[in-house]
Structures are given as C-alpha cells and as structure tokens.
Number of protein chains: 2
Amino acid sequence: MPAPRRPTLREVSAAAKVSLYTASRALGAHAGVAEETRRTVLKTAEDLGYVPNRLARSLKHADSHTLGVLTANNANLFYASLVKGVEKAVQPQGYDCFVADAFEDGVYDAARETRFVAALLEQRAAGIVLTYVPTAQNMRTLSDWRMPLVFVDCLPPEGFERFPSIATDSRLGSHAVGRHFAAHGYRSWAFVGHTPTWTSRFAREAGLREAAADCGAELAVIEGGNDSRTACAAMRAFLGARSRADWPRAVYASNEPLLNGALRALREQRVRIPEEMAIVGFDDFPWADLLDPPQTVVDQQIDELGRLAGSRMLAALEGVPDEGALRLLAAPVLRIRASCGGPVAGAAVSAG
Amino acid sequence: MPAPRRPTLREVSAAAKVSLYTASRALGAHAGVAEETRRTVLKTAEDLGYVPNRLARSLKHADSHTLGVLTANNANLFYASLVKGVEKAVQPQGYDCFVADAFEDGVYDAARETRFVAALLEQRAAGIVLTYVPTAQNMRTLSDWRMPLVFVDCLPPEGFERFPSIATDSRLGSHAVGRHFAAHGYRSWAFVGHTPTWTSRFAREAGLREAAADCGAELAVIEGGNDSRTACAAMRAFLGARSRADWPRAVYASNEPLLNGALRALREQRVRIPEEMAIVGFDDFPWADLLDPPQTVVDQQIDELGRLAGSRMLAALEGVPDEGALRLLAAPVLRIRASCGGPVAGAAVSAG
DNA sequence: ATGAAAGCGCTAACAC
DNA sequence: GTGTTAGCGCTTTCAT
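This structure is a prediction, so every number in the text was calculated from the model and none was measured. (Residues numbered from 1 in each chain as written. Chains lettered and ligands numbered in written order. Predicted model: local features only at pLDDT ≥ 70, side-chain atom pairs only at ≥ 80, totals over all residues. Heavy atoms only, no water.)

Participant: Looking at this structure, how should I read the protein's contact with DNA strand C?
Facilitator: In the vicinity of DNA strand C lie 22 residues, with Leu9(A), Tyr50(A), Ser19(B), Thr22(B) and Lys60(B) positioned nearest. Backbone atoms, meaning sugar plus phosphate, form 65% of the atoms of DNA strand C positioned within 4 Å of the protein. Within the contact set of DNA strand C, a phosphate oxygen lies 3.0 Å away from a side-chain nitrogen or oxygen of Arg57(A). Within the contact set of DNA strand C, a phosphate oxygen lies 3.5 Å away from a side-chain nitrogen or oxygen of His61(A). In terms of residues, the surface near DNA strand C owes the most to one element, helix H4 (residues 54–61) of chain A, which gives four residues. Looking at the surface near DNA strand C, its residues break down into 11 nonpolar, eight polar and three charged. (Near = heavy atom within 4 Å. Polar contact = N/O pair within 3.5 Å; in protein donor to acceptor, adjacent residues only side chain to side chain. Helix = DSSP H or I, 4+ residues; strand = E, 2+ residues; numbered from the N terminus. Nonpolar A, V, L, I, M, F, W, Y, C, P; charged D, E, K, R; others polar.)

Participant: Which parts of the structure should I look at to understand helix H5 (residues 77–90) of chain A?
Facilitator: Count 3.6 residues to each turn of an α-helix, and residues three or four apart come out pointing the same way. Residue and element names in this part refer to chain A. Taking 1.5 Å of rise per residue, 14 residues should cover 20 Å, and H5 covers 20 Å from first to last C-alpha, within 8% of that figure. Among the residues of H5, Phe78, Tyr79, Ala80, Ser81, Leu82, Val83, Lys84, Gly85, Val86, Glu87, Ala89 and Val90 are the ones counted as buried. N-capping of H5 is provided by Asn76, with a side-chain oxygen placed 2.8 Å from the backbone N of Phe78. (Expected span 1.5 Å × (residues − 1). Buried < 20%, exposed > 50% of the residue type's maximum accessible area, 1.4 Å probe, protein only.)

Participant: Sorry if this is basic, but what is going on with helix H8 (residues 170–183) of chain B here?
Facilitator: All names here are of chain B. The terminal C-alpha atoms of H8 lie 20 Å apart, and with 14 residues this matches the ideal 20 Å at 1.5 Å per residue to within 8%. Along H8, the residues that are buried comprise Ser170, Gly173, Ser174, His175, Ala176, Val177, Gly178, His180 and Phe181. Looking one or two places after H8, you find Gly185, whose phi comes out positive at around 85°.

Participant: Honestly, the pattern of salt bridges in this entry has me stumped. Any pointers?
Facilitator: Opposite charge on two side chains allows them to pair when their charged atoms are near. Under the criterion given, the structure shown has 39 salt bridges over all chains. Note that Glu104(B) and Lys88(A) form a salt bridge whose closest N and O atoms lie 3.7 Å from each other. Residue Glu104(B) is located in strand E3 (residues 103–104), and its partner Lys88(A) is located in helix H5; the two belong to separate chains. The partner of Arg171(B) in a salt bridge is Glu210(B), and the shortest N-O contact between them spans 2.7 Å. With Arg171(B) in helix H8 and Glu210(B) in helix H9 (residues 200–215), this pair connects stretches of sequence that are 39 residues apart. Taking relative accessible area as the criterion, Glu210(B) reaches 32% and is therefore assigned partly exposed. Linked by salt bridges that have partners in common, Lys88(A), Glu104(B), Asp105(B) and Arg112(B) make up one network. (Salt bridge = Lys/Arg side-chain N within 4 Å of Asp/Glu carboxyl O.)

Participant: Would you mind going over the sheet that holds strand E11 (residues 278–282) of chain A with me for this structure?
Facilitator: Strand pairing in a sheet relies on backbone hydrogen bonds, with the paired strands running either antiparallel or parallel. Residues and elements named next belong to chain A. On the basis of which strands lie adjacent, the open sheet formed by six strands has the order E9-E8-E10-E11-E12-E14 and mixed pairing. For this open sheet the edge positions go to strand E9 (218–225) and strand E14 (333–335), each flanked by a neighbour on one side alone. Pairwise comparison of adjacent strand axes, ignoring direction, gives a mean angle of 20° for this sheet. Of the strand pairs in this sheet, strand E10 (residues 250–253) and E11 are connected by four bridges, and their pairing is parallel. Directly across from Ala253, in E11, lies its bridge partner Gly281. Across the face of the sheet, helix H9 (residues 200–215) comes into contact with strand E8 (188–194), E9, E10 and E11 while running at roughly 170° to E8. Against the sheet, helix H11 (residues 256–268) contacts E8, E9, E10 and E11, and its axis sits at roughly 160° relative to E11. (Pairing = 2+ DSSP bridges. Axes fitted to C-alpha atoms, helices over the stretch in contact; angles between N-to-C directions. Contact = heavy atoms within 4.5 Å.)

Participant: What is the right way to look at the sheet that holds strand E6 (residues 149–152) of chain A in this model?
Facilitator: All names here are of chain A. Strand order in the open sheet made by the six strands is E2-E1-E5-E6-E7-E13, with parallel pairing throughout. Looking along the sheet, the strands with just one partner apiece sit at the ends: strand E2 (96–101) and strand E13 (327–330). Direction aside, neighbouring strands of the sheet carry axes that sit 20° apart on average. Both E6 and strand E7 (residues 165–168) contribute to a ladder of two bridges, which runs parallel. Within E7, the residue paired with Phe151 across the bridge is Ser165.

See the structure below:
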C-alpha cells in the first residue's frame, strides 16, 4: 500500500483552473479573491484532500510559529502544569509549543539541553520560555541569535536582565508560612531547600528567614537537593545528627518533591504531625489534602504562572514593551490544612 | 537591535570557497569529501555561527522527523510519564516529539483533537503515538494519509486492527487484585471504573469480574467518570444509596485520579481503611506509599510502556513487520502496601 | 572529489 | 481580480 499522492497547492490550483496565486490567496483567507473563485478553490482543495505543507510555509516565513518550552523534568507535576498554562495562552494565537525537557531520569543533562537549544534554533522557533537558567554557553547562543526569551519560575542570569520574567512571590509566600509558624508558637524551624540552581530557592528561604527574625525563631537549613530521594536522605541525616529533643518544631519544604522526601524521613522516625512537628510545603498537589494529616501548602497556582509567561511571550513577539512588567511577581496563597496545626484564630489565611 | 544575519549554507560554502554541494556533504557527515575540505567547511560554519535550517531540510525530505503524541490530559502524571518514555526511545534516533494534548482544563475537546491532527499532517509528522482512540473522522483522516500509528494504553478501533498497540495487561493486573481481595476473605467488592472511552476500562473490569466469579464474590460497578471530581461524586452517591452495612468490603479504582476521588468520598464518611473497607488502585504514584494507610496499587510501569510504544513506532517507520507483536501486553505488578490489609501469607505478590 | 542546477511547496512582489 | 515569477535554504541528480 503505497503512500498516496499528497496534492500540492499547485495541483489544487490546476484542478480549480486558477493560478497558484489565486489558490494561495483563497485558502489563506486573504482579500482580493472573488467570492465564487474562493468557493471553487476551497471545494477543490477539500475534494483533493489537500493539506497545506507547513514546512514550506515556515521556510518561506523564516519562522515556524513554534515556541520552545525548556523544562526541568516533566514527570514533575509542576512542569506539566506550567506547560499547560503556556499552551493555553499561546495556542489561540496559532503558536505551537515544543516542550524540551532537559532532564532524563530525573537528572539534569547539560548536553541534552544543548541539543534542544540547537534543535530549537534549527526549527527557527519563534521564542523560548525558560523554566530554569540554561548554561552560560546556551544563554549566549540564544542571546546572540536574538531569540525572544521569557523566564518563568526563575530570574534571568547576570547580563540578561533585559529579558522578562514571571515568578511567584516566593518571599511573600514563605513569609506567610513563617507567620503561620509563629502564630502557632513554634520557635524552632527548619527549611528544606531545593538546589540553588533555581533562584526561587533563595526567595523561599529569605521569606522564612525574615519571619524567623521577626519573631525570634531559630532557623536551620537543610539542603534537600533536587528530588524526593535526596530530600529524604538529607532530612534523615539532619534528624540523625541530633537528639530528638533538638529537632525543629516546624519544617518547611521548598517544593513538592522535597516535601515528599521530608515526609518520608519523618515517617521513618514516626514523628507525629503536627503534634510533634509541623510541616508545610511549597506547591499544592492533588494528594495534599488526602494525606494524614491534610497537608498545608503554599499554592502558587502554577497554570496561571504558565499562562502569564505565555502572554508575556506573545507580547514580546509583537514587540510590546515591558511597561514596567519586566519582573512579574504573582502572589501565592497559603492553603491552611492540618499538617501545621490548622488555622489560628485571628491570623490571615491569604499570603497576601 | 536588529536580528543578526543568519548565515545560510550557501554563504558558508562561499566563505569556505567550495560549492554548495561540498559544504552540504561536509556538514552532513557524508562520504565523498576530502578530509581537508571537510575540516575547512566545518571551521567556516563554526566561525560564521551557521545553524542549519531544519525547515528547508524537512521540506526537501517531505518529512519533519517529528513524532506526534496525542494525549488525554498531560496534567495527569500518567501521560507525562508516558511521553517521557516515548521520547526516551525515539530521541536517540533523531526524532522529536510533538505532544498534543486533546484535553483542556481536564475535559476532552474533539475540535482541539482535530486541530492537532491537522497540525500534525501539516507538519508532515513521521508518525503518531495515540494514547486513546480519536474520533472516527480523525482516524479516517490519519488512515487515508497512511500515517504510521501506534496505540498505547488502548486498542485500535474496529477497522484499524492493522495498527500495532502496546498496553498493560489490565486483566491480569485486575485479576491479581481480585485474588488479593479473596485471599483476605473479602467477598463484596466494588469497581470504580473510568469512562469506557478507554478500552482499558473493560479489561480492568473483566479481570476483577473473573476473580469475583472464581471465588463467588459480589461485584458492584461504579461509573467513576474521568477524574477525581466525578469519581468522588459517583462514590458518594453509591455509598449514599445504601446502608453502611451493605457497603462493599473492598474497592478497586481503575486509575489514579479515580482512586483519589474514591478516597475523598470514603474520607467524608470516615471509613476506616482497611479495617472497614479495603481499597486498591490502578497505577502507582509518588504519594501512594505516604498515604495513611500506604496505598496498595497495580503498577504498570508507565515509562516502560512509553518506551515500548516508541520502539514499536521506530520499527514501523523502518518497515519492520510486526512479527506477531501486533498486540503487545506488558505485565503489571501488584504493589502490596497496607490499604488492602497488607500481604497475605502464601499469596503471590507479583501480578504475573 | 567537486560543481552547476533543478526543485521540494509555499508566499508575495509585481505585472496585467 | 487574477496571473507570472522569483525566491526561502536545503538536498541531490547529473556532469565534469
């Protein structure tokens, strides 16, 4: 069964007995074609099963109308949701998203990233949404190419401050967590932070640290790495290194995988939550309220973040200036459930 | 800051003082070019910052070397993992994946699917991995086009049996769940099934039903819909419609979102698990063993499923015959944790 | 081993 | 309102 012939625009025009040009205009819904001619062309195209060749079109336009989204582990709900958000914003404008995940088996692969960057350039992507900071080399490549770039969930590196960024106001969210800890009377805290590769790490730590200073709480920092496994190991080591009496009264994990890992370590030690230790995580997720106790989290409404990034990209592509929106910060919401001791009378629920 | 000039192959060849042909051969790592000439060309390309235009290349080849993956809700871990698996298999062979998610806000959108199918044809995708059965119209379009197709997690619809498929042996997995129920002495079961749109639904029900017949258990069926929300509502309605004494002793949810919903409904009723009711779900997930009690599941090792689909697609593209592997069934594994009462002495742990 | 030239399918500037 | 024509950047015969 051989591949059927794929009719070209030229063939459609011949069959419709009009010129190539007319056929093109008719199908492209451009003006300057008699209504009847257009009808004929459309009909003929339909009959012939004509499917325009986007490759030719893009080649001509020197632009594929494709946006790259560089992510760091799609098997992570965070990135999956983020991508959905971006798509939601850009698809109505006719852009497709090409998702390039620089992680393989949960670990970052710089060579992989470089391959994706090259692929995006070769495809003549219209722009790229970056969800983390690529290597200096790749940043240079992209910048030299004048590729429109939007950073989400991270800040552009030094020298690239001209690119817009969208992020959650992590400091605000973390500060709210700290206030919540304080309202419960907890005075000894621990922060389980993700790899500093993500700049969000700093803001999340800073917000908590400020709150600690405000109320005179102690704050220990645990390097949680990149995923559940490393976070669990780090937490285990931390707990193992001191007597139970010296364990923190409240713990804050800086993202979902880290919360997962931290909880694992706590369970190994049969820590009672929240009686013995309170715990809050950054990022909401579908199982959070089904845990026992239901997990209190900072919800950054990820898909909205993605949507903002997509919109910002569209604006950049149309040459809209930043208008002071170069650094967009979205306010997260503290979702108080029970893992931290529940609501406190008189305390604000929103992080704002 | 104007866009910099993008050097073309022609310019590279001119700068290197060779012909277009030679430059093409040199960069394409083809034979028939003197080693020294090649070196010069490569150097020149590098210096000029030459980036090949894949659009032109693909146009020429009438194939974009892109594979489509049609999914049904990427915000769902299942599809995200599946895609990662497919990518893992095909990227080494130089194929890129274009992920088309026919779901928007968690609901299926046929028009959206049709747009994606069109986009894939326009892009001259090399093949498409289908994770669910598209509309009859779209199936026809794809088939008429002679698009190489591989079905994962579903079976080709009537008339399209010539296309290969990869799926988990749901019946096997479900049967193991039923045996596990039986081993615990549970005799009254309920199956919370996902929409019959997915053919896997039937196999999952059938396996359990067979096991029920084997041991004389009763089996109620609850239509759980497509997601956590609908499943929760369905479960709530089911429980509400009968006295607590008539509630099933063991429940089996046919996928992760449905398990989530079912658990929500059970929690509303303060059902004690597994003492009062045992529950098992299809699909493992990162929070399963952190639930209280840890959730027993059937693990279908999703990314492996994706990998198999990717490999099958590669084979199809190279014209490798099916060799009896037209219907590939991968064996799942029953991961016994505590939500079902834990292991039973003398019972097999694997589903195989 | 290398070069010249045709053409993939489409768009758009330019005539008529 | 419609036709002609020249490319977009690349691959690939066919000569040399």
